[in-house]
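# Architecture and fold: a report
As a plain string of letters, each chain reads:
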Amino acid sequence: MTSEVLAVNTAFYRAFEKKDIEAMSALWSQGTGSTCIHPGRSILRGWKQVRSSWEQIFRNTAYIEINLDIMATEVADNIAYVVLVENILQVVSGRRLEAQSIATNVFQLLGGKWYLVHHHGSPIMR
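Let me sum up the structure you'll find in this document. (Residues numbered from 1 in each chain as written. Predicted model: local features only at pLDDT ≥ 70, side-chain atom pairs only at ≥ 80, totals over all residues. Heavy atoms only, no water.)

### Overview of the side chain of His119
Structurally, His119 can be placed in strand E6 (residues 113-123). For His119, the side chain forms a polar contact with the side chain of Asn105, separated by 2.5 Å. Residues within four places of His119 in sequence aside, it is in contact with Phe12, Tyr13, Trp28, Thr35, Cys36, Ile37, Trp54, Glu86, Ala103, Thr104 and Asn105. (Helix = DSSP H or I, 4+ residues; strand = E, 2+ residues; numbered from the N terminus. Polar contact = N/O pair within 3.5 Å; in protein donor to acceptor, adjacent residues only side chain to side chain. Contact = heavy atoms within 4.5 Å.)

### Observations regarding helix H3 (residues 47-60)
The terminal C-alpha atoms of H3 lie 20 Å apart, and with 14 residues this matches the ideal 20 Å at 1.5 Å per residue to within 8%. Turning to H3, its buried residues are Trp47, Val50, Ser53, Trp54 and Phe58. Projected onto a plane normal to the axis of H3, the buried residues spread over an arc of 135 degrees and lie on a single side. Turned more than 90 degrees away from the buried face of H3, the exposed residues are Lys48 and Arg59. Against helix H1 (2-18), helix H2 (21-27), strand E1 (35-37), strand E2 (44-45) and E6 lie the buried residues of H3. (Expected span 1.5 Å × (residues − 1). Buried < 20%, exposed > 50% of the residue type's maximum accessible area, 1.4 Å probe, protein only. Arc of directions from axis to C-beta.)

### So, the pairing of strand E5 (residues 95-110)
Sheet topology places strand E4 (residues 79-92) next to E5; 14 bridges connect them, and they run antiparallel. Its bridge partner lying in E5, Val82 is registered against Asn105. Hairpin connection between E4 and E5: a loop of two residues separates the two successive antiparallel strands, and Ser93 in this loop has a positive phi of roughly 50 degrees. Sheet topology note: the E5/E6 ladder contains 10 bridges and is antiparallel. Paired with Leu109 across the two strands is Trp114, which belongs to E6. Hairpin connection between E5 and E6: a loop of two residues separates the two successive antiparallel strands, and Gly111 in this loop has a positive phi of roughly 60 degrees. (Pairing = 2+ DSSP bridges.)

### Side note on the nonpolar core
The biggest cluster of nonpolar side chains holds 26 residues, and the ones touching the most others in it are Phe12, Phe16, Met24, Trp28, Trp54 and Phe107. Sorting the residues of this core by element identifies H1, H2, H3, strand E3 (63-76), E4, E5 and E6 as the ones contributing at least two each. Tallying contributions element by element places H1 first for this core, with six residues. If sequence neighbours within four positions are ignored, Trp54 has contacts with Phe12, Phe16, Ile21, Met24, Trp28, Cys36, His38 and His119. (Core = buried A, V, L, I, M, F, W, Y, C linked by side-chain atoms within 4.5 Å.)

### Overview of the pattern of salt bridges
A full pass over the atoms with the stated rule returns four salt bridges. Between Arg51 and Glu55 there is a salt bridge, and its shortest N-O distance comes to 3.0 Å. Note that Arg51 and Glu55 are positioned in helix H3 at a spacing of four residues, about one turn of the helix. Since its relative accessible area comes to 23%, Arg51 is described here as partly exposed. The network of salt bridges with shared partners includes Glu22, Arg51 and Glu55. (Salt bridge = Lys/Arg side-chain N within 4 Å of Asp/Glu carboxyl O.)

### Section: the layout of surface pockets
Looking at the largest pocket, its volume works out to about 660 Å³. If you go around the largest pocket, you meet 23 residues; those closest to its centre are His38, Pro39, Arg41, Ile57 and Gln90. Looking at the lining of the largest pocket, its residues break down into 10 nonpolar, 11 polar and two charged. (1 Å grid on protein atoms, 1.4 Å probe; cavity = no way out; pocket = protein on both sides within 12 Å on 5 of 7 lines; lining within 4 Å. Points joined across faces, edges and corners; volume = space filled by probe spheres on them. Nonpolar A, V, L, I, M, F, W, Y, C, P; charged D, E, K, R; others polar.)

Structure representation (structure tokens):
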């Protein structure tokens with residue numbers, strides 16, 4: 001099961017890099033229990049708010065590349081989490097930016113498939 005969770009985690013970041021909201025939608029639980037906390041932001045609750053935030057990020061980001069360093073993975077029954085470092089290269093408003101965030105992604109097994117139900121990213125301060 002760990003490999004299945006890691007595959008969904010990887011697919012999430014590939015959808016993020018491609019700025020593909022439909023691929024992102026297929027990975028997230030569509031319920032009101034989904035939550036997301038982008039670095040430095042407040043909590044978003046429910047898929048409608050979460051989706052809207054990703055759409056805004058995609059509109060405002062010309063290019064993004066994310067390399068991952070997995071720190072921990074745990075799978076227990078129908079809940080799993082992945083803790084990782086996101087090494088981010090992006091172009092926003094013509095500026096090239098590099099950053100690192102530490103993130104926690106929580107997945108829930110629903111109807112035999114793993115879905116993302118929570119993403120929390122926090123900047124790593126240097």
